[in-house]
Amino acid sequence: MSIFEVIATLIPMTEKFLPEPLITDDTVVFGLLALSLGFIFYTSSIEKGFWKKFYSIVPAVLMCYLLPSLLASFGVIAEEWHTIDELGNTTKHSSKLYYVASRYLLPAALILMTLSIDLKAIANLGSKALIMFLTGSAGIIIGGPLAILIVSMFSPETVGGNDFDAVWRGLSTIAGSWIGGGANQAAMLEIFKYNGDEYSKMVLVDIVVANVWMAIILFGVGKTKRIDKWLKADTSAIEKLKVKVTEFTERITRVPTVKDYLIMLGLAFTGVGISHFFGNRISTYLATNIEAVADKTNFLSFLGSGFFWMVILATTVGILFSFTKAKNYEGAGASKIGGMFIYILVATIGIKMDLTRAFETPGLIVLGFIWISIHAGLLILVAKLIKAPYFFLAVGSQANVGGAASAPVVAAEFHSSLASVGVLLAVFGYVVGTGGALFCAYLMEVASQF
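A quick note: this is a predicted structure, and the numbers were derived from the prediction, not measured.

Basis of the calculations
- Residues numbered from 1 in each chain as written.
- Predicted model: local features only at pLDDT ≥ 70, side-chain atom pairs only at ≥ 80, totals over all residues.
- Heavy atoms only, no water.
- Helix = DSSP H or I, 4+ residues; strand = E, 2+ residues; numbered from the N terminus.
- Rg over C-alpha atoms; globule rule 2.2 N^0.38 Å.
- Buried < 20%, exposed > 50% of the residue type's maximum accessible area, 1.4 Å probe, protein only.
- Contact = heavy atoms within 4.5 Å.
- Pairing = 2+ DSSP bridges.
- Salt bridge = Lys/Arg side-chain N within 4 Å of Asp/Glu carboxyl O.
- 1 Å grid on protein atoms, 1.4 Å probe; cavity = no way out; pocket = protein on both sides within 12 Å on 5 of 7 lines; lining within 4 Å.
- Points joined across faces, edges and corners; volume = space filled by probe spheres on them.
- Nonpolar A, V, L, I, M, F, W, Y, C, P; charged D, E, K, R; others polar.
- Patch = residues over 30% accessible without salt bridge, like charges linked within 9 Å, V, L, I, M, F, W, Y side chains within 5 Å.
- Areas by Shrake-Rupley, 256 points an atom, 1.4 Å probe, with all protein chains shown as cover.
- Expected span 1.5 Å × (residues − 1).

Right, let's talk about the overall build of the protein for a bit. Broken down by element type, the protein carries 20 helices and 2 strands. A globule of 450 residues ought to have a C-alpha radius of gyration of about 22 Å, and the protein, at 22 Å, matches this closely. Along the first, second and third principal axes, the C-alpha set of the protein runs to 65 × 55 × 50 Å. Out of the 450 residues belonging to the protein, those deemed buried represent 53%. In the protein, the share of contacts with a sequence separation of at least 24, taken over all contacts with a separation of at least 6, comes to 82%.

Here is the structure:
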């Protein structure tokens with residue numbers, strides 16, 4: 001029996017049954033999240049004493065993520081749970097808050113944060129953003145097989161299994177998720193036919209490791225200047241973009257009225273409606289009429305994802321607004337409202353992170369952290385070599401591992417004008433996700449033979 005098996009036997013929780021949290025009503029949970037966000041931003045505004053020192057170490061956005069995760073870890077709230085009725089039947093329940101935040105507030109935020117976008121200035125950021133994104137993808141591709149080789153040295157049963165129970169098949173779904181997104185993850189499950197009863201373990205590894213890594217990335221945002229100095233990075237293009245956007249905002253800034261707020265909400269959520277309406281129809285049409293898109297084993301299957309088209313269309317709507325007088329609503333606080341939506345999304349992502357569940361499959365969790373460490377190490381190495389700013393490292397990583405739901409969050413934390421960079425890189429993730437995950441899977445199959 002390995003050390004991981006020993007640890008697993010000491011944990012009373014089971015993988016298949018998730019206990020009911022203290023609070024299950026989404027309305028009450030949302031109130032808790034709102035209270036958490038209000039508390040964080042109130043205390044972070046205090047300019048002296050304990051809180052001043054605390055937030056000089058821990059960024060406020062990281063707390064927006066960690067506080068809900070602590071509530072989830074202590075059983076106060078949860079994203080998923082089970083109940084047992086009098087007849088012994090088990091029923092699965094889930095919170096809808098993340099779905100609402102990612103499908104409604106995220107596209108609205110993308111529109112509000114891109115309606116004043118300067119495409120020329122973004123183009124001037126150069127090729128380093130794309131290089132770091134591709135480096136992140138490469139880190140996932142080579143990290144999987146290397147992690148299998150490392151873990152096999154001290155816990156071979158963790159990476160074993162035969163036929164459709166082979167662990168490498170399950171890990172291929174994580175590769176699909178970490179390079180592309182949910183559509184690519186589903187494609188890997190379809191291609192390699194991993195045992196469905198064991199698949200939930202892979203989902204757990206995906207959630208735990210990816211969210212811990214996102215927390216580390218967000219922690220680094222507060223140390224950006226120090227990291228950029230160590231990387232000897234040239235941040236001039238990023239700073240020029242920030243200055244240009246700031247100057248434009250100051251020039252058009254005005255005291256917003258109720259009329260301004262309602263018009264901005266009208267623009268944002270009309271765009272959300274458009275992105276959902278056409279996104280769902282485009283994805284359905286393509287999946288129905290194009291065999292390659294309908295085939296989940298094809299690298300073009302991501303085009304059948306409604307979420308993918310929602311992100312694309314919402315961003316397009318925001319860019320189109322940037323060519324009209326609507327861009328002047330930035331002066332009334334458009335990006336600030338978008339930022340508020342982003343923080344709500346961050347809080348709902350935090351609910352997914354129940355740290356106690358990491359002990360359910362300790363061996364696979366360790367493998368996941370080794371995997372993500374190789375991804376991170378390669379990013380740091382390349383960033384150092386090409387003197388890329390931490391912004392490109394962070395967003396390039398999250399465009400892979402977090403996808404369209406996380407990359408804009410991280411990018412916007414550097415500056416609201418940079419959110420669209422995260423979206424554009426996340427789109428590349430969908431494109432290369434299935435092909436990259438396939439290559440990674442074949443390498444993991446070879447590694448598992450040693």
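Here we take up the pairing of strand 2 (residues 90–94). Bridge analysis of strand 1 (residues 80–84) against strand 2 gives 5 bridges, and the strand direction is antiparallel. Bridging from a neighbouring strand, Thr83 pairs with Thr91 of strand 2. In sequence, strand 1 turns back onto strand 2 through a hairpin of 5 residues, with Gly88 there showing a positive phi of about 85 degrees.

Summed over all chains, the structure comprises 4 salt bridges. A salt bridge links Asp260 to Arg254; its shortest N-O distance comes to 3.1 Å. Using a relative accessible area of 7% as the deciding quantity, one classes Asp260 as buried. Note on Arg254: relative accessible area 33%, which makes it partly exposed.

The probe, sized like a water molecule, is rolled over the atoms to show the empty space still left. All chains considered together, the criterion is met by 3 cavities of 30 Å³ or more. Approximately 60 Å³ is the volume found for the largest cavity. Looking at the largest cavity, the residues that line it are Met113, Ser116, Ile117, Asp118, Ile122, Leu241, Val245 and Ser417. The residue inventory of the lining of the largest cavity, partitioned by class, reads 5 nonpolar, 2 polar and 1 charged. There is about 40 Å³ of room inside the second largest cavity. Where the lining of the second largest cavity is concerned, the elements lending two or more residues are helix 5 (97–114) and helix 16 (334–351).

This part is about a nonpolar patch on the surface. On the surface, Tyr99, Val100, Tyr104, Val258, Leu262, Leu265 and Phe269 cluster together to form a nonpolar patch covering roughly 660 Å² of accessible area. Counting only elements with at least two residues in the nonpolar patch, the list comes to helix 5 and helix 13 (258–289). Tallying contributions element by element places helix 13 first for the nonpolar patch, with 4 residues. Within the element layout of this structure, Leu262 appears in helix 13. Overall, Leu262 belongs to the exposed group, its relative accessible area being 57%.

For helix 13, with 32 residues, the first-to-last C-alpha span of 46 Å sits near the 46 Å given by 1.5 Å per residue. Regarding helix 13, the residues found buried are Asp260, Met264, Leu267, Ala268, Gly271, Val272, Ser275, His276, Gly279, Ser283 and Leu286. Buried residues in helix 13 make contact with helix 5, helix 14 (291–294), helix 15 (306–321) and helix 16.

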